[in-house]
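This is what each chain is made of:
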Amino acid sequence: TEQMKGIAVIGDIFMDVSVLGTKQIPTWGQDSNVDSIDLNLGGSAMNTSRALADVGINVSLFSSVGNDKFGHLILNDFANHSVDPSNVQVVDEIGTGSCVVISGNNDRCFLSVYGANGIYSLGLDNYDQLKYYSHIHISGLFVLKGLQNDQFLNLLVRLKENGCSISLNPQTDEG
């Protein structure tokens, strides 16, 4: 039999525009000075896979990005980490997921375009891609509308029957 590959992370990838030090959200037509605005890679699955790889765990990310500027920035970043990007699909029909993260002193809010995250899907026909991973972590399921179905559930059941452990971070919208 083939050797186990490590961890497969299935989930969301976002390009985040982070607004830090927001003291108040302006009303329409107004301006508000903030501490900083930065561009960051984000998404629960992206963050999890990078963190696992940075501590030496063999990890592959299963997700999708658009064939656009944000998607290319994300794909180029994989060279800075030991995350296997070979299972990240590049799609032409929709852009990369992106999010404006507005952070204040005690809380934050988000303005999101789910983009390619919203159409990403897996089913039983992907079993051979995943069957040799010892663990599957699903992250950001809230935005992954293409995985919220019986086909994905059947895939997970089959992987579990094959001895794979599975964990889930649904990343819900508490609002």
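Residues numbered from 1 in each chain as written. Predicted model: local features only at pLDDT ≥ 70, side-chain atom pairs only at ≥ 80, totals over all residues. Heavy atoms only, no water.

Q: Please clarify how the sheet that holds strand S8 (residues 108-113) should be interpreted in this entry.
A: The strands making up a sheet associate through hydrogen bonds between their backbones, and the pairing can be parallel or antiparallel. Spatially, the four strands line up as an open sheet ordered S3-S2-S7-S8, and their pairing is mixed. Two strands bound the open sheet, and with one partner strand each, they are strand S3 (36-42) and S8. On average, each strand axis in the sheet is tilted by 20° relative to the strand beside it, whichever way the strands run. Across seven bridges, strand S2 (residues 14-20) lies against S3 in antiparallel orientation. Each residue of the ladder has a partner; that of Asp 16, found in S3, is Asn 40. (Pairing = 2+ DSSP bridges. Helix = DSSP H or I, 4+ residues; strand = E, 2+ residues; numbered from the N terminus. Axes fitted to C-alpha atoms, helices over the stretch in contact; angles between N-to-C directions.)

Q: Looking at this model, I keep getting lost on the pattern of salt bridges. Mind explaining?
A: Close approach of charged atoms allows side chains of opposite charge to pair. In this structure the tally under the stated criterion is three salt bridges. In this structure, Arg 50 and Asp 77 form a salt bridge, with 3.4 Å as the shortest nitrogen-oxygen distance. In this pair, Arg 50 is assigned in helix H1 (residues 44-54) and Asp 77 in helix H2 (residues 69-77), connecting sequence segments 27 residues apart. Residue classification places Arg 50 among the buried positions, given a relative accessible area of 19%. Under the relative-accessibility criterion, Asp 77 is labelled buried at 11%. (Salt bridge = Lys/Arg side-chain N within 4 Å of Asp/Glu carboxyl O. Buried < 20%, exposed > 50% of the residue type's maximum accessible area, 1.4 Å probe, protein only.)

Q: Is there a simple way to think about the side chain of Asn 126 in this case?
A: Looking at the secondary structure, you find Asn 126 in the loop between S8 and helix H3 (127-130). Exposure remark for Asn 126: the relative accessible area of 12% places this residue in the buried category. Reaching out from Asn 126, the side chain makes a polar contact with the side chain of Gln 129 at a distance of 2.6 Å. (Polar contact = N/O pair within 3.5 Å; in protein donor to acceptor, adjacent residues only side chain to side chain.)

Q: Teacher, can you tell me more about the side chain of Asp 12 here?
A: Within the secondary structure, Asp 12 is located in the loop between strand S1 (7-11) and S2. Look at Asp 12: it is buried, it has no salt bridge, and the nearest opposite charge is Arg 108 at 10 Å. Polar side-chain contacts of Asp 12 include one of 3.0 Å to the backbone nitrogen of Ser 44. Polar side-chain contacts of Asp 12 include one of 2.9 Å to the backbone nitrogen of Ala 45. If near-sequence neighbours (up to four positions away) are discounted, Asp 12 is found in contact with Gly 42, Gly 43, Ser 44, Ala 45, Met 46, Ser 63, Asn 117, Ser 139, Gly 140, Val 143 and Leu 144. (Lys, Arg positive; Asp, Glu negative; His and termini not counted. Contact = heavy atoms within 4.5 Å.)

Read these as layout, nothing more, since geometry by itself doesn't imply function.
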